[in-house]
Amino acid sequence: MLQSSKLLATTSLLSISLLSGCATTTINSGLQVGDLPPVGVFTAENGIEFMVQPLTLTTLPPKRIVQPSQDLQRLVRTSNRADYRIAKGDVLSIILVDYPNINASTASLVVDQQGLVQIPLIGRIKASGMSVPQFTSKLRGQLQRYLKYSDPQVKVIEYTGNSFIIDGQVNKSGEFNITDAPVSLYSAISMAGGVTPTGDSDNITLNRNGTSYKINLQSLREIGSSANQIYVQDGDSIFIDDLDTNKVYVLGEFGRVAPVPILDQGLNLAQVIGESAGLNSNTANAAKVYVVRDDTGYQRTKIYYVDMQTITSFPLANRFEMLPNDIVYVDPTGLTRWNRVLSALLPSSSAIRSISTF
């Protein structure tokens, strides 16, 4: 009777253990491709449609050409070096060589919020919006009425009127003044201490007068330009985005599972595998390397797969250009799955052995 009870208990525990082991296997064994069709369209249980196709020279996606937007082309076309314009808040120094008694009162003149400066003999005179040579010429003409030798020397000694803001992934974000030396987009980034290691210098937004310009360095190269040819203006704001928005994600049986950033020069599938420390030699099924590419602008999510067991697949992997948010997944081998099932069942087996010794 005791033996029968022990057998019943063992059988019950085995049944429970197998069920719990199977449930654990489903959770712990990692992702699995499942019953994907070898090629064609299918609808998953979540309702999303997928297009599955092997990666061949025929199915290889064409190299992406980043076309600059019309707004960006217009920005480059209209961005020219310009003489500095005196602005409200700037501080001017005006020296009259032959009249040192006047110089004491003109050594530091603030351009007020109406754009005017107060000058002896003349009174308030408009300065904002004019270049230094233009203002000097105007001032000379006004002084000629009162002075025999009118030769004013005008200089901006504090540039506080024109400024821009830079934020995002830079080492020193904030507001920076624009001086009489034109500030290019590259110079602006340099003034902010450069881009941080997590910043994406290929993903820049320039906001100007209510218009946002998405600046991609590759796009600029396509039109024979560079960030050195875009000049910052008063009131501009610049934002450097994070590399997190420009990454490829790896899952499954890799040597290292971590997002891989797409750098300025681009990224291909072979490089993703290399940056992820290769495929795990103990667990990876190299015949099943998948790339999942989801684009909300298309009806179907694409799944490419390639057999990386053959040396002839490496040229294809070199030519497969990765896009932001692509997912690269490597399936485990059948043996790996079985070992994981056994690992899940081992604790249950130990418990069964303990009961059997009663």
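If you're wondering where the values come from, they're calculated on a predicted model, not measured in any experiment.

Draft legend 1. Region of interest: the overall build of the chain. Scanning the chain from terminus to terminus reveals 9 helices and 17 strands. Considering the chain as a whole, with its 358 residues, one finds that 39% of them fall into the buried category. A separation of at least 24 residues holds for 62% of the contacts in the chain among residues at least 6 apart in sequence. Accessible area of the chain: about 20,100 Å², with a carbon and sulfur share of 54%.

Draft legend 2. Structural detail: the sheet that holds strand β7 (residues 152-158). With antiparallel pairing, the 3 strands of this open sheet are ordered in space as β4-β3-β7. Edge positions in the sheet fall to β4 (109-110) and β7, since each of these pairs with one other strand and no more. Across the sheet, helix α4 (residues 132-143) touches β3 (91-96) and β7, and the angle it forms with β7 is around 135°.

Draft legend 3. Focus on α4. Counted at 1.5 Å a residue, the expected span for α4 with its 12 residues is 16 Å, and the 16 Å between its end C-alpha atoms agrees. By the burial criterion, the buried members of α4 are Phe135, Thr136, Leu139 and Leu143. What you see down the axis of α4 is that its buried residues fit within an arc of 100°, all on one side. Its buried side turned inward, α4 meets β3, β5 (116-119), β6 (123-126) and β7.

Draft legend 4. Here's a closer look at the confidence of the model for the chain. Of the residues in the chain, 82% have a pLDDT of 70 or more, and the chain-wide mean is 81. The weakest mean pLDDT in the chain belongs to helix α1 (residues 2-28) at 37; the strongest belongs to strand β8 (residues 163-168) at 95. Note that pLDDT drops below 50 for residues 1-29; the model gives that stretch 22 contacts with residues more than four away or on any other chain. Scored below 50 in pLDDT, residues 348-353 makes 5 contacts in the model with residues more than four places away or belonging to other chains.

Draft legend 5. Highlighting the packing of aromatic side chains. Applying the stated rule across the entire model yields 6 aromatic pairs. Each ring, one from Tyr84 and one from Tyr159, has its centre 5.0 Å from the other, and the planes form 85°; the classification is edge-to-face. Of the two residues, Tyr84 sits in the loop between α2 (70-78) and β3 while Tyr159 sits in the loop between β7 and β8, which places them 75 residues apart along the sequence. Given a relative accessible area of 9%, Tyr84 falls into the buried group. Taking relative accessible area as the criterion, Tyr159 reaches 17% and is therefore assigned buried. Seen in terms of ring centroids, Phe164 and Phe176 are 5.7 Å apart; in terms of plane orientation they differ by 25°. Their pairing is stacked. Of this pair, Phe164 sits in strand β8 while Phe176 sits in strand β9 (residues 174-177); the two residues are 12 residues apart in sequence, bridging distant segments of the chain. There is no split in this pair, since Phe164 and Phe176 are both buried. Three or more aromatic residues link up through ring pairs in this structure, and these residues are Tyr290, Tyr305 and Tyr329.

About the criteria used
Residue numbering note: each chain is counted from 1, following its sequence as written. pLDDT decides what is reported in this predicted model: residues at 70 or higher carry local features, side-chain atom pairs at 80 or more are listed and counted, and totals for whole chains, interfaces and linings draw on all residues regardless. Water and hydrogen atoms play no part in the side-chain values, which are based on all heavy atoms of the structure. The way it works is that DSSP assigns letters per residue, a run of H or I at least four long becomes a helix, a run of E at least two long becomes a strand, and they are numbered from the N terminus. For every residue, the accessible area obtained with a 1.4 Å probe (protein chains only) is divided by the maximum for its type, and the residue is called buried under 20%, exposed over 50%, and partly exposed between those limits. A contact between two residues is defined here by any heavy atoms of the two lying within 4.5 Å. In short, Shrake-Rupley with a 1.4 Å probe defines the accessible areas, and a residue's cover is counted only from the protein chains shown. Here, a strand pair is defined by DSSP locating no fewer than two bridges between the strands. Here an angle of 0 to 180 degrees is reported between the N-to-C directions of two axes, which are lines fitted to C-alpha atoms, with helices fitted over the stretch in contact. Helices are assigned an expected span. That span is 1.5 Å times one less than the residue count. Working definition: the arc comes from the directions between the helix axis and the C-beta atoms, pointing outward to the latter. Each residue carries a pLDDT score, the predictor's own confidence in it, on a scale running from 0 to 100. Centres within 6.5 Å make a pair out of two Phe, Tyr or Trp rings, where for Trp the six-membered ring is used; the pair is then stacked when the planes are under 30 degrees apart, edge-to-face when over 60, and tilted otherwise.

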